[in-house]
Amino acid sequence: MAFLLSGQTIQDPANFIPTDIIIGEQDTASDGSLKTDVIAVKTEWTLSWSHLLSAEYAVIRTLFRARNEVTFQYPDDNNVQTSAQVIIMALTPGRRKMNTYYEGVKMVLREV
């Protein structure tokens, strides 16, 4: 199974961590208890690569700077290709090596 971002195949990440996050508001009640108004539960994915080719990084960076939602396709826990509409929330380039690849790239995607 492959990882695709906006139809572009990207190298399998060294780490792929899906995290469910609550979208909502929290207030402290007069008795001190925390009250949460849950609007939605979304998934956030953190992907990292120890080595990512410069061309692949350039594609991801272009998508990040466009700030549009994109389609993310990935293999789920049962190795079934799954897709979600996401926005790239963060992109850390790491270090560029020999003009051919980057070391330590990290990307955070959030379901829209």
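In this text the structure is predicted, and so the values were computed from the model without any measurement.

Caption draft 1: Region of interest: the overall build of the chain. A count of helical and extended segments in the chain gives 1 helix and 8 strands. In terms of overall dimensions, the chain is more spread out than a globule: its C-alpha atoms have a radius of gyration of 17 Å, far above the 13 Å expected for 112 residues. The C-alpha extent of the chain, read off along each of the three principal axes, is 60 × 30 × 25 Å. Here the chain holds 112 residues, and 30% of them are scored as buried. Counting contacts in the chain only where the partners sit at least 6 residues apart, residues at least 24 apart contribute 59% of the total. In the chain, which carries 10 positive and 13 negative side-chain charges, the distance between the mean positions of the two groups comes to 13 Å.

Caption draft 2: The nonpolar core, seen in detail. Within the largest apolar cluster, 21 residues are counted, with the highest numbers of intra-cluster contacts made by Leu5, Phe72, Met107 and Leu109. When residues of this core are traced back to their parent elements, those giving at least two are strand S1 (3–5), strand S4 (34–53), helix H1 (54–66), strand S5 (70–75), strand S6 (81–92) and strand S8 (101–111). Contacts of Leu5, omitting those with residues within four sequence positions, involve Ile10, Ile60, Leu63, Val70, Thr71, Phe72, Val86, Ile88, Met107 and Leu109.

Caption draft 3: Expanded view of a nonpolar patch on the surface. On the surface, Ile22, Val38 and Val41 cluster together into a nonpolar patch covering about 280 Å² of accessible area. Within the fold, Val38 resides in strand S4. On the basis of relative accessible area, Val38 is assigned to the partly exposed category, the value being 44%.

Caption draft 4: Spatial organisation of the pairing of S8. Relative to S8, S4 runs antiparallel, the two sharing 9 bridges. Residue pairing across strands places Trp45 opposite Leu109, the latter belonging to S8. Bridge analysis of S6 against S8 gives 6 bridges, and the strand direction is antiparallel. Directly across from Val86, in S8, lies its bridge partner Glu111. In this structure, strand S7 (residues 95–97) lies alongside S8, joined through 3 bridges in antiparallel fashion. The partner of Lys97 across the bridge, within S8, is Tyr101. In this structure, the hairpin formed by S7 and S8 is closed by a connection of 3 residues, where Met98 is found at a positive phi of approximately 50°.

Definitions and limits used
- Residues numbered from 1 in each chain as written.
- Predicted model: local features only at pLDDT ≥ 70, side-chain atom pairs only at ≥ 80, totals over all residues.
- Heavy atoms only, no water.
- Helix = DSSP H or I, 4+ residues; strand = E, 2+ residues; numbered from the N terminus.
- Rg over C-alpha atoms; globule rule 2.2 N^0.38 Å.
- Buried < 20%, exposed > 50% of the residue type's maximum accessible area, 1.4 Å probe, protein only.
- Contact = heavy atoms within 4.5 Å.
- Lys, Arg positive; Asp, Glu negative; His and termini not counted.
- Charge placed at Lys NZ, Arg CZ, Asp CG, Glu CD.
- Core = buried A, V, L, I, M, F, W, Y, C linked by side-chain atoms within 4.5 Å.
- Patch = residues over 30% accessible without salt bridge, like charges linked within 9 Å, V, L, I, M, F, W, Y side chains within 5 Å.
- Areas by Shrake-Rupley, 256 points an atom, 1.4 Å probe, with all protein chains shown as cover.
- Salt bridge = Lys/Arg side-chain N within 4 Å of Asp/Glu carboxyl O.
- Pairing = 2+ DSSP bridges.

By themselves, these observations are geometric and do not establish any function.
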